[in-house]
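Structural features, examined
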Amino acid sequence: MEIGTFHGRSFFPLKCKSKIAVDPDFRFSDKDKREWKLKNLCNFRNRYFEKTSDNFFKEDKDFLNNFGKIDLIFIDGLHTFRASLNDALNSLKYISVCGFIVMHDCYPPHKAAATPASSLDDAEEMNLDGWTGEWCGDVWKTIVYLKEKYGNSLKVNTLNADYGLGIIQMENSNFDLEIDQELFDRITQMKYEEVTDKFNELLNLKEVNELELIL
Ligand SMILES: C[S@@+](CC[C@H](N)C(=O)[O-])C[C@H]1O[C@@H](n2cnc3c(N)ncnc32)[C@H](O)[C@@H]1O
């Protein structure tokens with residue numbers, strides 16, 4: 001499953017039995033879908049949900065329950081702390097025991113890219129110093145939250161690749177998924193520029209050559 005499918009550049013080429021695409025604004029046409037079926041037969045079984053991930057998880061519970069547990073969920077939707085945390089917590093309900101959640105944009109390259117905003121357009125309109133068009137927002141706070149709240153139940157690492165790939169694995173499946181408001185508020189107050197020197201520890205940063213160890 002991919003949350004935030006955009007043009008489908010990561011989604012369509014991927015080879016696996018069944019795939020789910022979720023995005024309120026798909027940037028591909030029916031013709032693109034047909035062409036991708038011919039290029040990769042796995043795309044015959046795709047399911048598409050053109051809606052926000054919050055609405056998808058709210059409205060399509062029956063679909064998800066019937067679909068069966070999901071082995072890989074790639075979260076790359078709205079780049080805010082709240083939205084990415086919702087995506088991660090909702091994903092944990094449907095991930096298979098040995099599955100992985102991979103979250104994009106957990107290690108912003110600089111302060112402008114880490115600016116909390118409600119959307120890419122909002123971030124762009126802020127005329128930020130050092131703005132390069134790259135926007136990870138404060139998705140990194142979701143990693144901090146998951147590490148702190150679920151230290152005993154989840155294995156959380158961040159791969160130092162492609163804006164930071166959070167890798168979340170279940171160690172046991174017995175935990176509550178309610179948002180801890182006090183923890184959420186505390187982490188919301190954290191500022192990128194004040195914690196960059198602690199990122200190694202906060203995000204459990206790992207280099208690409210350590211990937212096999214993580215898995
Ligand atoms: C950075 S793009 C995703 C790129 C894509 N994953 C790829 O690898 O090519 C972010 C996408 O998230 C989508 N998005 C924005 N808000 C969303 C939300 N609330 N729920 C799900 N997707 C959302 C946008 O429409 C956009 O297509």
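Residues numbered from 1 in each chain as written. Predicted model: local features only at pLDDT ≥ 70, side-chain atom pairs only at ≥ 80, totals over all residues. Heavy atoms only, no water.

1. Section: the pairing of strand β7 (residues 165–170)
- Of all six residues in β7, six are buried; the element is thus mostly enclosed.
- Burial of the side chains of β7 extends over both faces: L165, I167 and Q169 are buried on one face and G166, I168 and M170 on the other.
- Here strand β5 (residues 95–103) runs beside β7; their pairing, made up of three bridges, is antiparallel. Across the sheet, the residue bridging to V102 is I167, located in β7.
- Here six bridges tie strand β6 (residues 154–159) to β7, and the two strands are oriented antiparallel to one another. The partner of L154 across the bridge, within β7, is M170.
- Joining the antiparallel neighbours β6 and β7 is a turn of five residues, in which D162 adopts a positive phi near 45°. (Buried < 20%, exposed > 50% of the residue type's maximum accessible area, 1.4 Å probe, protein only. Helix = DSSP H or I, 4+ residues; strand = E, 2+ residues; numbered from the N terminus. Pairing = 2+ DSSP bridges.)

2. Let's talk about the site of the ligand
- E2, G4, S10, D23 and D76 are the nearest of the 14 residues found near the ligand.
- Here D23 contributes a side-chain N or O atom positioned 2.6 Å from an oxygen atom of the ligand.
- Within the side chain of D76, one N or O atom sits 2.8 Å away from a nitrogen atom of the ligand.
- Put simply, the ligand lies in the largest pocket.
- Taken together, the residues of the shell around the ligand break down into five nonpolar, six polar and three charged. (Near = heavy atom within 4 Å. Polar contact = N/O pair within 3.5 Å; in protein donor to acceptor, adjacent residues only side chain to side chain. 1 Å grid on protein atoms, 1.4 Å probe; cavity = no way out; pocket = protein on both sides within 12 Å on 5 of 7 lines; lining within 4 Å. Sits in = over half its atoms within 2 Å of the grid points. Nonpolar A, V, L, I, M, F, W, Y, C, P; charged D, E, K, R; others polar.)

3. Here we look at the sheet that holds strand β1 (residues 2–3)
- One open sheet accounts for eight strands, arranged β3-β2-β1-β4-β5-β7-β6-β8; its pairing is mixed. Lying at the two open borders of the sheet, with one neighbouring strand each, are β3 (47–49) and β8 (205–206).
- Of the pairings in the sheet, the one linking strand β4 (residues 70–75) to β5 comprises five bridges and is parallel in character. Residue pairing across strands places I75 opposite M103, the latter belonging to β5.
- Sitting on the sheet, helix α4 (residues 81–92) is in contact with β1, β4, β5, β6 and β7, with an inclination near 165° to β5.
- Lying over the sheet, helix α6 (residues 140–149) contacts β5, β6 and β7, oriented at roughly 150° with respect to β6. (Contact = heavy atoms within 4.5 Å. Axes fitted to C-alpha atoms, helices over the stretch in contact; angles between N-to-C directions.)

4. Thoughts on the packing of α6 against helix α7 (residues 181–188)
- Contact geometry for α6 and α7: axes closest at 10 Å, N-to-C directions at 140°. In this view, α6 runs oblique relative to α7, as classed from their interaxial angle. Helix-helix and strand crossings are classified by hand; for α6 and α7 the assignment is right-handed. Counted together, K141, V144, Y145, E148 and K149 of α6 and L183, F184, R186, I187 and T188 of α7 form the full contact between these two elements. (Parallel < 35°, antiparallel > 145°, perpendicular 65-115°, else oblique. Left-handed = near helix turned anticlockwise from the far one by under 90°.)

5. Structural notes on α6
- The buried fraction of α6 amounts to seven of the 10 residues, a majority that puts the element mostly inside the structure.
- Among the residues making up α6, those that are buried are W140, K141, T142, I143, V144, Y145 and L146.

6. Topic: α4
- Here α4 contains 12 residues, and its C-alpha end-to-end distance of 16 Å stays within 8% of the 16 Å for a straight helix at 1.5 Å per residue.
- Among all positions of α4, only F81, A83, S84, L85, N86, D87, A88, L89, N90, S91 and L92 are buried. (Expected span 1.5 Å × (residues − 1).)

7. Overview of a negative patch on the surface
- Residues D121, D122, E124 and E125 make up a contiguous surface patch of negative charge.
- As for its placement among the helices and strands, E125 is situated in helix α5 (residues 120–125).
- Given a relative accessible area of 62%, E125 falls into the exposed group. (Patch = residues over 30% accessible without salt bridge, like charges linked within 9 Å, V, L, I, M, F, W, Y side chains within 5 Å. Areas by Shrake-Rupley, 256 points an atom, 1.4 Å probe, with all protein chains shown as cover. Salt bridge = Lys/Arg side-chain N within 4 Å of Asp/Glu carboxyl O. Lys, Arg positive; Asp, Glu negative; His and termini not counted. Charge placed at Lys NZ, Arg CZ, Asp CG, Glu CD.)

8. Things to note about the environment of A117
- Within the secondary structure, A117 is located in the loop between β5 and α5.
- Not counting residues up to four positions away in its chain, the partners in contact with A117 are T80, D122, A123, M126 and W135.

Geometric values such as these leave the question of function open.
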